[in-house]
Amino acid sequence: MCVALQLASEHGGRVIGAAPTNGVPAARAHALVKVYGRGQASVRALDGVDVEFERGRFTAVMGPSGSGKSTLMHCLAGLDAPTEGSAFVGDHELSQLDDQALTRLRRDQIGFVFQAFNLIPTLSAAENITLPIDLAGGRLDRGWFDQLTESLGIADRLSHRPSELSGGQQQRVACARALISHPELVFADEPTGNLDSTASAGLLGFLRAAVADHGQSIVMVTHDPSTAAYADRVVFLADGRLVDELSAPTAEAVLERMKQLAS
Amino acid sequence: MRRVVVRGMFARKLRLTLTALAIVLGVTFVTGTLVLTDTLNKTFDSIVGTAYAHVSFEIRGATTLKGVGATSPDSTATRGTIPASILGSVRRLPGVAFAYGSVSGYAQFIARNGSSIGNGRALGYSFDPNPQLSSLRLVEGRAPTTANAVVMDRSTADKYRFKAGDHVRVLLPGAPQTFTITGIVTFGNDNSLAGATLAGFYLPTAQRLFDSAGRYDAIYVLAAPGSDDVALQRAITRVLPPGIQVVSGQAIQSDLKQTIQNALSFLSDALLVFAFIALFVGAFTIANTFSITIGQRTRELALLRLVGASRRQVFGSVLGEAALTGLIAAAVGLGLGVLAALGLRALLGAFGIVLPSSSLVFEARTPIVALAVGVGVTVLAAVFPARRAVRIPPVAALGDRTGEAAASTGRRLITGMALTLVGIVLVAAGVAKPAIAYVGIGALALFLATAILSPVIAAPLAGSLGRPLARLLGTAGRLGRQNSMRNPRRTAQTAGALTIGLALVSAVAVLGASLSATAKQEVDSAVNADYVISGSGGGGISHTLPAIIARLPFVTATTAVYGGQFDFEDSLSHLGAVSTTGLDRTVNLHITHGSAAPALAAGELLIDSTTAADKHLHVGSVVGVTFARTGSTTIRIGGIYKPNPLAGSYIVGASYFLAHFDHPLVGAVLFSVRDRAPGVAAVLDRAKATYPNLQIQTRAQFQASQQNSVNQLLGLIYVLLALAVIVALIGIVNTLLLSVFERTREIGLLRAVGMRRRQVRTMIRSEAVIVATFGALVGIVVGGALGVALSSALRTSGITTISVPVTSLIAFLVVAALLGLGAATWPARRAAGLDVLGAIATE
Ligand SMILES: Nc1ncnc2c1ncn2[C@@H]1O[C@H](COP(=O)(O)OP(=O)(O)OP(=O)(O)O)[C@@H](O)[C@H]1O
Ligand SMILES: [Mg+2]
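Remember, predicted model here, so these are calculated numbers, not experimental data. (Residues numbered from 1 in each chain as written. Chains lettered and ligands numbered in written order. Predicted model: local features only at pLDDT ≥ 70, side-chain atom pairs only at ≥ 80, totals over all residues. Heavy atoms only, no water.)

**Points about the nonpolar core**
Reasoning step 1: A:Phe53, A:Leu72 and A:Phe187 are the most contacted members of the largest nonpolar core, which totals 146 residues.
Reasoning step 2: It is helix H7 (residues 249-296) of chain B that contributes the most residues to this core, 18 residues altogether.
Reasoning step 3: Residues in contact with A:Leu72, not counting those within four places in the same chain, are A:Ala29, A:Leu32, A:Leu46, A:Val49, A:Phe53 and A:Leu237.
Reasoning step 4: Counting residues in each nonpolar core, the second largest holds 45 residues, with B:Tyr531, B:Ala560, B:Leu605 and B:Val669 among its members. (Core = buried A, V, L, I, M, F, W, Y, C linked by side-chain atoms within 4.5 Å. Buried < 20%, exposed > 50% of the residue type's maximum accessible area, 1.4 Å probe, protein only. Helix = DSSP H or I, 4+ residues; strand = E, 2+ residues; numbered from the N terminus. Contact = heavy atoms within 4.5 Å.)

In structure tokens, the structure reads:
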């Protein structure tokens, strides 16, 4: 499979959507440990995390600041290497992949939305959206592009530079970029952290719809219970450990659970 | 966060190093030049000191030429000889301990393998055995006391394995002769005289060889101990006939030293020009680095202002950093300068300027100049950025605008255009007149205009230059192109350093090509002869040669060419002379008025049309001239010819010339041969075996060698200008590194969304290539145009053909692009090596 993936992506093709391996989760962490620093100053950011993110589901990751949410996401997306344990995206054990293969994996199978600084300032909105495909030298799915930009409401802003867009528009452009190459999985680290409630609602509604309509898998880190309520499932981290989880959450249920965990 | 801080510090240290490097090179060059010229000065001073160590007085012919100072040292060229009879009356004077007369001339040894020795000067002189007066010391054998005896300098003897008792052939003004070496001499404690070979003869022999029977070039006098120098000088003067003077050894020494110093200061000035070009380019790099870092530190500086730092404190902090950088750079440059002195000496040597080697001299002035220059240039370059730093308002700490504010394009455009216009008008006026000064000032205006305008044209020009690259390299190329356009001022300033370097290189290239084309054209138009003989390596041509050549059966015409100095209407000028028979078959003078050979044969003067126009002279005018040997006289102008640097401005016939100069050497012999004459090569080979210092060239070879000497000079200038280009490249490396640092997050994001390392490298490299091409293109266009203007303004001073070396200019552009690519190597590697997460987490 690994060889097939490399071959496929070398020819500009995309593996995703071609053969969704049923039963295999979109991403998975097994006994994941991440230690920063050494000796006395070392921080155990992840302390043995076992978690699965199912295909076609919208999962929120919650937890107090410093609990390891971002670290978990970075390890699962191949941006950072875990100290111990293993991280999988689909079938791929990330530690088995070299930088080339990881880069390809990120380009073709993973989408990202960060809290801020998502866009390349010299590129127009449209160019930012198609960046992963351009980098791969692949062919753009025009219909999908139009559909994305339409439903995100940025179709009339495509020629603008990021500096000419509002924060909400910038995040929506980032969303479109994350989804453009039909990735297996989208990671979003506090994507609405800088947005007001209306802008947040628009963005989250879109992500929700992507899961419902296209079977997109999404993992989103958030602090906000009402944001988490858009997800199918919420997992809770504390001190680098998975401490709890909740299915079909509502804002109230999440808030309740957070209070319990805090006490 | 710690990682970020450490990275920031590392980046700053790197920046310091690179910024300093731009200055280090310039300071190194300055130091090297000073050390080299100080060393040479001291070397020559000690030579003069040795030569005149025991000389109380020198008696010699007083020059009647105006341009020569009363005590000017170049005796044989501008002074007459003196009668030998004077020596007796001088010796009889009380207070004179010892006196001897001496003659000197051309005498070049021939090595055992038949080649002539030495490519410096080959000095022949009468050897005086008295160790009290002479600076030459016999270290082996005995003095020459017979007609066929010679002493040789130790350096030549050692190098070519000659010893006392050996025979050696010597090239002379007359026919070559074989001598027996009777002894080996040193010059003071040195094995040779600053690289010149020395051949010492018995006085009567020397007088015969150098065509001075019964005469001396000079008489050297040693005063008796305790004698009154002033009284003695007066006493000597009283026994001298008119036209002969006595000069004290002290005066001659200080005079000679002054002359040498003047010659050397020309060398050091020329080298310093290149050093300052490098420093100027370095200043660009520094200014750019400081503006970028101040742009990046906008928030930090604003925060400082917010918490109460005054404008002066901010200004001072920036200049302080600059001063420190300059100080470090100057210190390093000072150390490297010593090596550079050796390098420069070797470089000049490689281009045929041989300088004596001795231990380096480090004057106290050198470190002072180096430090002042290093710190001064750096601080000056930082003033503009510092002023910008001062203008950052405290509120900028709250916003998130980094980057630099765009300058007002409109004002720039107007100022730039106005300056361009001024420059063009000045250059045009300079070309029309022609006057070099106007072209120079115009060029300066154009350079300034280019600097002002280039931020305006940077974005569009970089955009169009980058388009093919973007098409070729895909997204990475496109991003590189956009990066090159995003900050026009930065691009312009980075490229600006390269622009200056390439403008100079291109101007020199055009000038050189024009000179070379002119040299070719000169030979084409002035030389009819099939062969040209010249003395190689500074040696002369025996005056027996023209007759030998003329007697060869296949030779149809021979012309001997002489050269010397004379006063033309009271200003020192060069006079050429040619023998007149068969002149039109060897030389074409392009006479516009009067005649050539008949006028010359009649003892009349030919002048070129420029001189004629300048001095309002025409055929038939009678002018006053003065010769060192024969004094003032008048001469009629018999013809006017088209200017040709090969011919010079004044020409007389050979017999007239020989009547007015003491033992002149033949400068060149031109001759033509019958068509398809057999055996020419064999005969010429035989001539070359007899006179191994001769260079016998066909017309085509002569033409090529004339062009070659231009190209050699061009090569030297290129090497010296290369330093400026290197500094410009350091500037590109520096800017790219700073940009990479500044765009860390952006590069991280690109990597996160799937940009491969190779693509990151391609992106940075594209940007570098675009910036370098932009800088080079502007430089080549501006420099090329100025080169044409300069060449055309020099049309009356010898450049008659203008040639634009298109291939070279295109090659410069390609090389610049490749150098840009090379400059990107390190920044590209750094950018590609950024770890994705670290990049995203920055800030
Ligand atoms: N590069 C690093 N070096 C050292 N320690 C780190 C590094 N990155 C994260 N940490 C530490 O690891 C722990 C987990 O950090 P992480 O960023 O995953 O938290 P988080 O849950 O995302 O917090 P927040 O909600 O504030 O974003 C923290 O204690 C943090 O200080
Ligand atoms: Mg986080």
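Continuing now.
**Let's talk about the side chain of B:Thr289**
Reasoning step 1: Along the polypeptide, B:Thr289 turns up in helix H7.
Reasoning step 2: You can call B:Thr289 buried: its relative accessible area is 4%.

**Here's the deal with the pattern of salt bridges**
Reasoning step 1: Under the definition given, this model contains 26 salt bridges over all chains.
Reasoning step 2: Two residues, B:Glu746 and B:Arg486, come together in a salt bridge whose shortest N-O distance is 3.0 Å. One end of the pair, B:Glu746, is in helix H21 (residues 744-752); the other, B:Arg486, is in helix H12 (residues 436-486), and 260 residues separate them in sequence.
Reasoning step 3: Connected through shared salt-bridge partners, A:Glu54, A:Arg57, A:Arg233 and A:Glu245 make up one network. (Salt bridge = Lys/Arg side-chain N within 4 Å of Asp/Glu carboxyl O.)

**Concerning the side chain of A:Asp189**
All names here are of chain A.
Reasoning step 1: Topologically, Asp189 is positioned in strand S7 (residues 185-189).
Reasoning step 2: Buried and unpaired, Asp189 has Lys69 as its nearest opposite-charge partner, separated by 7.2 Å.
Reasoning step 3: A distance of 2.9 Å separates a polar atom in the side chain of Asp189 from a polar atom in the side chain of Ser70.
Reasoning step 4: If sequence neighbours within four positions are ignored, Asp189 has contacts with Ser70, Met73, His74, Val113, Phe114, Gln115 and Val221. (Lys, Arg positive; Asp, Glu negative; His and termini not counted. Polar contact = N/O pair within 3.5 Å; in protein donor to acceptor, adjacent residues only side chain to side chain.)

**Observations regarding the interface of chain A and chain B**
Reasoning step 1: Taken together, the contacts link 26 residues of chain A with 21 residues of chain B.
Reasoning step 2: Buried area between chain A and chain B, both sides added, is near 2,300 Å², and the carbon and sulfur share of it is 62%.
Reasoning step 3: Considering only the side of chain A, the residues that lose the most area to chain B are A:Phe117, A:Thr122 and A:Leu135, jointly responsible for 27% of the buried surface there.
Reasoning step 4: Put simply, chain A and chain B have four salt bridges between them.
Reasoning step 5: The tally of links between chain A and chain B comes to eight residue pairs in polar contact (both at pLDDT 80 or more).
Reasoning step 6: Contributing elements (two or more residues each) for the side of chain A that touches chain B: helix H3 (99-109) and helix H4 (125-136) of chain A.
Reasoning step 7: Across the side of chain A that touches chain B, the residue classes break down as 13 nonpolar, five polar and eight charged. (Buried area = accessible area lost by both parts, 1.4 Å probe. Nonpolar A, V, L, I, M, F, W, Y, C, P; charged D, E, K, R; others polar.)

**So, the site of ligand 1**
Reasoning step 1: Around ligand 1, the structure places 14 residues, and the nearest of them are A:Ser65, A:Gly66, A:Lys69, A:Ser70 and A:Thr71.
Reasoning step 2: At the site occupied by ligand 1, the surrounding residues belong to chains A and B.
Reasoning step 3: With respect to ligand 1, the backbone of A:Ser67 contributes an N or O atom lying 3.2 Å from an oxygen atom.
Reasoning step 4: In the environment of ligand 1, an oxygen atom lies 3.0 Å from a nitrogen or oxygen atom belonging to the backbone of A:Gly68.
Reasoning step 5: Within the residue set of the shell around ligand 1, elements represented by two or more residues are strand S2 (43-53) and helix H2 (69-76) of chain A.
Reasoning step 6: At three residues, H2(A) tops the list of elements feeding residues into the shell around ligand 1.
Reasoning step 7: Partitioning the shell around ligand 1 into residue classes produces four nonpolar, seven polar and three charged. (Near = heavy atom within 4 Å.)

**What to know about the sheet that holds strand S9 (residues 233-238) of chain A**
Picture the strands of a sheet paired through backbone hydrogen bonds; they go either parallel or antiparallel.
Residues and elements named next belong to chain A.
Reasoning step 1: Strand order in the open sheet made by the six strands is S6-S7-S8-S3-S9-S10, with mixed pairing throughout. In the strand order of this sheet, the two ends are held by strand S6 (110-113) and strand S10 (241-247), each with one partner. The average angle at which neighbouring strand axes cross in this sheet is 20°, direction not considered.
Reasoning step 2: Taken together, the five bridges between S7 and strand S8 (residues 217-221) define a ladder with parallel strand orientation. Bridged to Val186 within S8 is Ile218.
Reasoning step 3: H2 contacts strand S3 (58-62), S7, S8 and S9 of the sheet and is inclined by roughly 150° relative to S7.
Reasoning step 4: Strands in contact with helix H6 (residues 167-180) are S6 and S7; relative to S6, the strand with the most contacts, it is inclined by about 170°. (Pairing = 2+ DSSP bridges. Axes fitted to C-alpha atoms, helices over the stretch in contact; angles between N-to-C directions.)

**Details of the sheet that holds strand S5 (residues 92-93) of chain A**
Residues and elements named next belong to chain A.
Reasoning step 1: The strand order across the open sheet built from four strands is S2-S1-S4-S5, with neighbouring strands paired in antiparallel fashion. Edge strands, defined here as strands with exactly one partner in the open sheet, are S2 and S5.
Reasoning step 2: The sheet strands contacting H2 are strand S1 (27-36), S2 and strand S4 (84-89), and the helix crosses S1 at an angle near 120°.

**A closer look at the environment of B:Thr39**
Residue and element names in this part refer to chain B.
Reasoning step 1: Structurally, Thr39 is set in helix H1 (residues 2-51).
Reasoning step 2: In this structure Thr39 comes out as buried when scored by relative accessible area, which is 1%.
Reasoning step 3: C-alpha of Thr39 to C-alpha of Ser359: the two residues are 320 residues apart in sequence and 7.3 Å apart in space.
Reasoning step 4: If sequence neighbours within four positions are ignored, Thr39 has contacts with Arg345, Ser358, Ser359, Leu360 and Val361.
Reasoning step 5: Reaching out from Thr39, the side chain makes a polar contact with the backbone oxygen of Val35 at a distance of 2.6 Å.

**A look at the domain arrangement of chain B**
All names here are of chain B.
Reasoning step 1: Along its sequence, chain B is carved into domain 1 (104-211), domain 2 (458-527 + 701-843) and domain 3 (540-692).
Reasoning step 2: Domain 2 and domain 3 are separated by 48 Å when their C-alpha centres are compared.
Reasoning step 3: On the domain 3 side, the residues contacting the eight residues of domain 2 number eight residues.
Reasoning step 4: When domain 2 packs against domain 3, the two sides together hide about 700 Å² of surface, and 60% of this comes from carbon and sulfur.
Reasoning step 5: For the domain 2 face of the interface with domain 3, the top three residues by lost area are Glu522, Ser525 and Ala526, together amounting to 58%.
Reasoning step 6: There are zero salt bridges connecting domain 2 and domain 3.
Reasoning step 7: At the level of elements, helix H13 (488-526) and helix H20 (699-742) are the ones that each hand at least two residues to the side of domain 2 that touches domain 3.
Reasoning step 8: A per-element tally of the side of domain 2 that touches domain 3 places H13 first, with four residues.
Reasoning step 9: Here the side of domain 2 that touches domain 3 is built from residues that sort into four nonpolar, three polar and one charged. (Domains from an automatic or database assignment.)

**Looking at the packing of aromatic side chains**
Reasoning step 1: Overall, the coordinates contain 18 aromatic pairs over all chains when judged by the stated rule.
Reasoning step 2: An angle of 25° between the planes, with centres 5.9 Å apart, marks the rings of B:Phe566 and B:Phe627 as stacked. Placement of B:Phe566 in strand S16 (residues 555-568) and of B:Phe627 in strand S20 (residues 622-627) is noted, with a sequence separation of 61 residues between them. Comparing B:Phe566 with B:Phe627, the two get one shared label, buried.
Reasoning step 3: Within the aromatic cluster, the residues linked to one another by ring pairs are B:Tyr562, B:Phe566, B:Phe568, B:Phe627, B:Tyr650, B:Tyr656, B:Phe657 and B:Phe661.
Reasoning step 4: Residue placement shows A:Arg28 over the ring face of A:Phe88; its charged tip is 4.0 Å from the ring centre. (Phe/Tyr/Trp six-rings, centres within 6.5 Å; stacked < 30°, edge-to-face > 60°. Lys NZ or Arg CZ within 6 Å of the ring centre and 35° of its normal.)

**A short note on the confidence of the model for chain A**
All names here are of chain A.
Reasoning step 1: Chain-level statistics for chain A give a pLDDT mean of 84 and a share of 92% at 70 or above.
Reasoning step 2: The least confident element of chain A is helix H1 (residues 2-10), whose mean pLDDT is 36; the most confident is S3, at 94.
Reasoning step 3: Confidence drops under a pLDDT of 50 for residues 1-21, and excluding neighbours within four residues, the segment shows 27 contacts in the predicted structure. (pLDDT = per-residue confidence, 0-100.)

**Here's the deal with the packing of H4(A) against H12(B)**
Helix packing for two helices is described by the angle between their axes and how far apart those axes are.
Reasoning step 1: Close contact between H4(A) and H12(B) brings their axes to 10 Å; oriented N to C, the two are set at 135°. When the axis of H4(A) is compared with that of H12(B), the two are oblique. Touching A:Glu127, A:Leu131, A:Asp134 and A:Leu135 of H4(A) are B:Thr475, B:Arg478, B:Leu479 and B:Gln482, all from H12(B).
Reasoning step 2: In terms of residue class, the contact of H4(A) with H12(B) is built from three nonpolar, two polar and three charged. (Parallel < 35°, antiparallel > 145°, perpendicular 65-115°, else oblique.)

**A look at the packing of H13(B) against helix H23 (residues 806-823) of chain B**
All names here are of chain B.
Reasoning step 1: At a minimum axis separation of 10 Å, H13 and H23 run at an interaxial angle of 155°. Viewed along their axes, H13 and H23 adopt a mutual orientation that is roughly antiparallel. H13 and H23 meet at a crossing whose hand is right-handed. Residues Leu502, Val505, Ser506 and Ala509 of H13 lie in contact with H23, whose contacting residues are Leu809, Phe812 and Ala816.
Reasoning step 2: Along the lines of polarity and charge, the residues of the contact of H13 with H23 split into six nonpolar, one polar and no charged. (Left-handed = near helix turned anticlockwise from the far one by under 90°.)

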